[in-house]
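Topology and contacts: notes
Here's the letter readout for the chains.
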Amino acid sequence: MIDPKIETAFEAALEAFSKYNEFDATQLIENFGEVFASDEDFLTKVDALDEVFDNNPEVESLREVFFDLLMINFFSADVKKLEEDYLDTPEWEDIEEQTLDRGTELLNLLLYLNECEDEEIEPELEDYLKEFLLVDEDEFQDEYRIYEPVIANQILIESPVSEISKIAKSLPEDSELKELFYPMMCFFQNLDPSEEALDEIAANAIEKDFDMAVLDILINFQ
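Residues numbered from 1 in each chain as written. Predicted model: local features only at pLDDT ≥ 70, side-chain atom pairs only at ≥ 80, totals over all residues. Heavy atoms only, no water.

What follows is about the state of the cysteines. Overall, the coordinates contain zero disulfides when judged by the stated rule. The thiol sulfur of Cys186 is not disulfide-bonded, and the nearest other cysteine sulfur, from Cys116, lies at 18 Å. On the accessibility criterion, Cys186 (1% relative accessible area) is buried. (Disulfide = S-S within 2.5 Å. Buried < 20%, exposed > 50% of the residue type's maximum accessible area, 1.4 Å probe, protein only.)

Right, dumping it as structure tokens:
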């Protein structure tokens, strides 16, 4: 099964990637669509997803964010055909254990956007940090550590995208938000950018194909 929002998001990502890369990633829409729509179990779908990337190294940079989409699709669509408490079973715990090193913080942001839709509220950076990730709570210091670059630079929401780009480039290589910082901050700054705004974001992007693909996932998912 495939959630319509996921389908829209991954297709938009491949289109955006293709716009800023010599490789036409849109030719993989059907391949990825088959993976997402498959009725196989989650780990089998992960293997199928990896196979598409293994066969198409030109889109390697999208591998882990597409894993996030696959996970969200599982929560949104696949889990509906399983028993109600499946996510509390030892089987799912084992899957989580096997995939601990997969994915990115995009997963949390997509979960937040789903929650915003459910509660009919507009996504906001401060709300994401304090109400969803609970970075101010003592028991969530891992989240605080990961999101410290965002917490320290919230003022960038009011700044030109060139300033967001400058800070993104200055983040240490081992930062877990190094790659996502720019598209994430640009998204929260402008949830529904015009073509002109998108051109400006692309002009200041660090990795244009990746940054714009992630941004289009977020824009099309909300």
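What follows continues from the structure just given.
Looking now at the nonpolar core. Core analysis: the largest hydrophobic core is formed by 76 residues, its most contacted members being Phe32, Leu62, Phe66 and Tyr147. A total of nine residues in this core trace back to one element, the largest contributor, which is helix α12 (residues 208-221). Excluding its chain neighbours within four sequence positions, the residues that come into contact with Phe66 are Phe10, Ala13, Leu14, Phe32, Phe36, Leu49 and Phe53. (Core = buried A, V, L, I, M, F, W, Y, C linked by side-chain atoms within 4.5 Å. Helix = DSSP H or I, 4+ residues; strand = E, 2+ residues; numbered from the N terminus. Contact = heavy atoms within 4.5 Å.)

Since there are 3.6 residues in each turn of an α-helix, residues three or four apart along the chain are aligned in direction. Every buried residue of helix α11 (residues 195-203) is listed here: Leu198, Ile201 and Ala202. Take α11 and look down its axis: the buried residues cluster within an arc of 100°, on one side only. In this structure, α11 carries Glu196 and Ala203 as exposed residues pointing more than 90 degrees from its buried face. Taken together, the buried residues of α11 touch α9 (161-170), α10 (181-189) and α12. (Arc of directions from axis to C-beta.)

Each pocket or cavity is described by its volume, and for the largest pocket that value is around 590 Å³. Going through the elements one at a time, α4 (63-76), α5 (90-98), α6 (106-119) and α8 (141-152) are the ones with two or more residues in the lining of the largest pocket. Taken together, the residues of the lining of the largest pocket sort by class into twelve nonpolar, four polar and seven charged. Of the pockets and cavities examined, the second largest pocket occupies roughly 200 Å³. What lines the second largest pocket is Ser61, Ala168, Lys169, Lys178, Glu179, Tyr182, Ile206, Glu207, Asp209, Phe210 and Asp211. At the level of elements, α9 and α12 are the ones that each hand at least two residues to the lining of the second largest pocket. By residue number, the principal contributor to the lining of the second largest pocket is α12, which donates three residues. Tallied by class, the residues present in the lining of the second largest pocket amount to four nonpolar, one polar and six charged. (1 Å grid on protein atoms, 1.4 Å probe; cavity = no way out; pocket = protein on both sides within 12 Å on 5 of 7 lines; lining within 4 Å. Points joined across faces, edges and corners; volume = space filled by probe spheres on them. Nonpolar A, V, L, I, M, F, W, Y, C, P; charged D, E, K, R; others polar.)

Unusually for a residue other than glycine, Glu120 sits at a positive phi of about 55°. Note on placement: Glu120 falls in the loop between α6 and α7 (125-132).

Below, the discussion takes up the packing of α8 against α10. The contact between α8 and α10 brings their axes to 11 Å, and the two run at 50°. It follows that α8 is oblique to α10 by the angle criterion. As for how α8 packs across α10, the hand of that crossing is right-handed. Every residue of α10 that contacts α8 at Tyr147, Pro149 and Val150 is listed here: Phe181, Met184 and Met185. (Axes fitted to C-alpha atoms, helices over the stretch in contact; angles between N-to-C directions. Parallel < 35°, antiparallel > 145°, perpendicular 65-115°, else oblique. Left-handed = near helix turned anticlockwise from the far one by under 90°.)

Before going further, it helps to spend a moment on the confidence of the model for the protein chain. The predicted model of the protein chain averages 93 in pLDDT, with 98% of residues at 70 or higher. Ranking the helices and strands of the protein chain by mean pLDDT puts α10 first, with 98, and α5 last, with 86. (pLDDT = per-residue confidence, 0-100.)

On inspection of all chains with the given rule, the structure shows 19 aromatic pairs. Look at Phe74 and Phe75: their rings are 6.2 Å apart centre to centre, the planes differ by 70°, and that puts the pair in the edge-to-face class. Using a relative accessible area of 26% as the deciding quantity, one classes Phe75 as partly exposed. With centroids separated by 5.7 Å and ring planes inclined at 80°, the aromatic side chains of Tyr128 and Tyr147 adopt a geometry described as edge-to-face. With a gap of 19 residues between them, Tyr128 in helix α7 and Tyr147 in helix α8 connect regions that are remote in the sequence. Across this residue pair, the class does not change: Tyr128 and Tyr147 are buried. Grouped by ring-pair contacts, the aromatic residues Tyr112, Tyr128, Phe132, Tyr147, Phe187 and Phe188 constitute a single cluster. Here the basic side chain of Lys5 rests over the ring of Phe221, its NZ or CZ set 4.1 Å away from the ring centre. (Phe/Tyr/Trp six-rings, centres within 6.5 Å; stacked < 30°, edge-to-face > 60°. Lys NZ or Arg CZ within 6 Å of the ring centre and 35° of its normal.)

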